[in-house]
Amino acid sequence: MIDIYNMIIEIFLFFILRLTFLIIVNEDKNYKYPLYTYYVSLTYQLFILPILCMLYYFNIIDIHLIFNFSIAYFVSDIIQLIFLNDINLLFHHVISVISIYISKFIHVDLLNYSLYNIITLELGSALLSLPIIFKYKFLYKIRTTLYFISRVFALYNTYIFLNQDKLEYSEYIFFKYLSFFILFHNSFLLNYLIIKNIK
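Description of the structure in this document. (Residues numbered from 1 in each chain as written. Predicted model: local features only at pLDDT ≥ 70, side-chain atom pairs only at ≥ 80, totals over all residues. Heavy atoms only, no water.)

The helix and strand tally for the protein chain stands at 7 helices and 0 strands. In the protein chain, the succession of helices and strands from N to C terminus is α-α-α-α-α-α-α. Relative to the globule expectation of 16 Å for 199 residues, the C-alpha radius of gyration of the protein chain, 17 Å, shows essentially globular dimensions. Considering only C-alpha atoms, the protein chain reaches an extent of 50 × 40 × 35 Å along its principal axes. Looking at the 199 residues of the protein chain, the share that counts as buried comes to 45%. Entry remark: accessible area of the protein chain is about 12100 Å², with carbon and sulfur atoms responsible for 71%. Positive and negative side-chain charges of the protein chain, numbering 13 and 12 respectively, have mean locations separated by a distance of 16 Å. (Helix = DSSP H or I, 4+ residues; strand = E, 2+ residues; numbered from the N terminus. Rg over C-alpha atoms; globule rule 2.2 N^0.38 Å. Buried < 20%, exposed > 50% of the residue type's maximum accessible area, 1.4 Å probe, protein only. Areas by Shrake-Rupley, 256 points an atom, 1.4 Å probe, with all protein chains shown as cover. Lys, Arg positive; Asp, Glu negative; His and termini not counted. Charge placed at Lys NZ, Arg CZ, Asp CG, Glu CD.)

Written as structure tokens, this is what we have:
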């Protein structure tokens, strides 16, 4: 109950963050999503998440707090995706929320594998938003390569995770098929980025 109560607070904080950027960011209709959402994403991916990870590293906070904030970030974005009718990203967010939440219940010795994937995948995703906010050509040039590297690392980390003896069989099955879905989903995005870079 306490965990759910804290998560509700964290979701509310992300709604406040979204409202703040909605107010202060001048809208630009040249992008697929509202411009303020890119600021929200980068704030989470490049500031909130790294700070929480540092606090965890120094044993100041519990790892579950990072999971909760990650869930809160995705949940706060889901409502807008419903209005935008973005089924693809909406499905991605729902899967992310479910996978992170289930990760909270795996063996304590395996929690860091989930954390590594969250960090790697979110930092890789941040590279897609950076060129929109900071319009430097080199960011466009390097984003596809670095995004690909982040996915390869996450895939390798998942492979190691799936071969751990402390992983329950049901958890193994879930995360195995989840990794297939993520690989399939990201391959389409990577293909789009490669074609766009060629053009």
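Within the largest apolar cluster, 48 residues are counted, with the highest numbers of intra-cluster contacts made by Phe14, Ile66, Phe67 and Phe161. Sorting the residues of this core by element identifies α1 (2–24), α2 (35–57), α3 (63–84), α4 (87–103), α5 (111–133), α6 (137–162) and α7 (169–198) as the ones contributing at least two each. Here the element with the most residues in this core is α3; it accounts for 10 residues. When neighbours within four sequence positions are excluded, Phe67 is seen to be in contact with Ile100, Ser103, Lys104, Leu111, Ser114, Leu115 and Ile118. (Core = buried A, V, L, I, M, F, W, Y, C linked by side-chain atoms within 4.5 Å. Contact = heavy atoms within 4.5 Å.)

Turning to α5, a few remarks are in order. Across its 23 residues, α5 extends 33 Å between first and last C-alpha, which sits within 8% of the 33 Å expected from 1.5 Å per residue. Along α5, the helix axis deviates most sharply at Leu127, where the bend reaches about 30°; the proline Pro131 sits within four residues downstream. Counting buried positions over the 23 residues of α5 gives 19, a clear majority of the element. (Expected span 1.5 Å × (residues − 1). Bend = angle between axes of the 7 residues up to and from the residue.)

Now for the packing of α2 against α5. Packing of α2 against α5 brings their axes to within 9 Å, and their N-to-C directions diverge by 145°. As α2 packs across α5, the resulting crossing turns out to be left-handed. The segment α2 lies against α5, with Leu35, Tyr38, Tyr39, Leu42, Tyr44, Gln45, Leu46, Leu49, Cys53 and Tyr56 engaging Asn112, Leu115, Ile118, Ile119, Glu122, Leu123, Ser125, Ala126, Ser129, Leu130, Ile132 and Ile133. When grouped by side-chain class, the residues that make up the contact of α2 with α5 number 17 nonpolar, 4 polar and 1 charged. (Axes fitted to C-alpha atoms, helices over the stretch in contact; angles between N-to-C directions. Left-handed = near helix turned anticlockwise from the far one by under 90°. Nonpolar A, V, L, I, M, F, W, Y, C, P; charged D, E, K, R; others polar.)

Among the structural elements, Leu162 can be located in helix α6. Residues Leu162 and Tyr113, spaced 49 residues apart in sequence, show a C-alpha to C-alpha distance of 9.7 Å. The residues touching Leu162, leaving out its near neighbours within four places in the chain, are Leu167, Tyr172, Phe175, Lys176 and Ser179.

A few words now on the packing of aromatic side chains. The final tally for this structure, using the stated rule, is 16 aromatic pairs. Centre to centre, the rings of Tyr113 and Phe161 are 5.9 Å apart; their planes meet at 45°, and the pair counts as tilted. Of this pair, Tyr113 sits in helix α5 while Phe161 sits in helix α6, and the two are 48 residues apart along the sequence. Like Phe161, Tyr113 is buried. Each member of the aromatic cluster is reached from another via a ring pair, and the members are Phe14, Tyr44, Phe69, Tyr73 and Phe74. (Phe/Tyr/Trp six-rings, centres within 6.5 Å; stacked < 30°, edge-to-face > 60°.)

Attention now goes to the packing of α2 against α3. Relative orientation of the contacting elements α2 and α3 amounts to 170°, with a least axis distance of 9 Å. Put simply, α2 runs roughly antiparallel to α3. Where α2 abuts α3, its residues Tyr36, Thr37, Val40, Ser41, Tyr44, Gln45, Ile48, Leu49, Leu52, Cys53 and Tyr56 lie against Ile63, Leu65, Ile66, Phe69, Ser70, Tyr73 and Gln80. Taken together, the residues of the contact of α2 with α3 sort by class into 13 nonpolar, 5 polar and no charged. (Parallel < 35°, antiparallel > 145°, perpendicular 65-115°, else oblique.)

Note that every value here comes from positions in space, so none of it alone points to a role or purpose.
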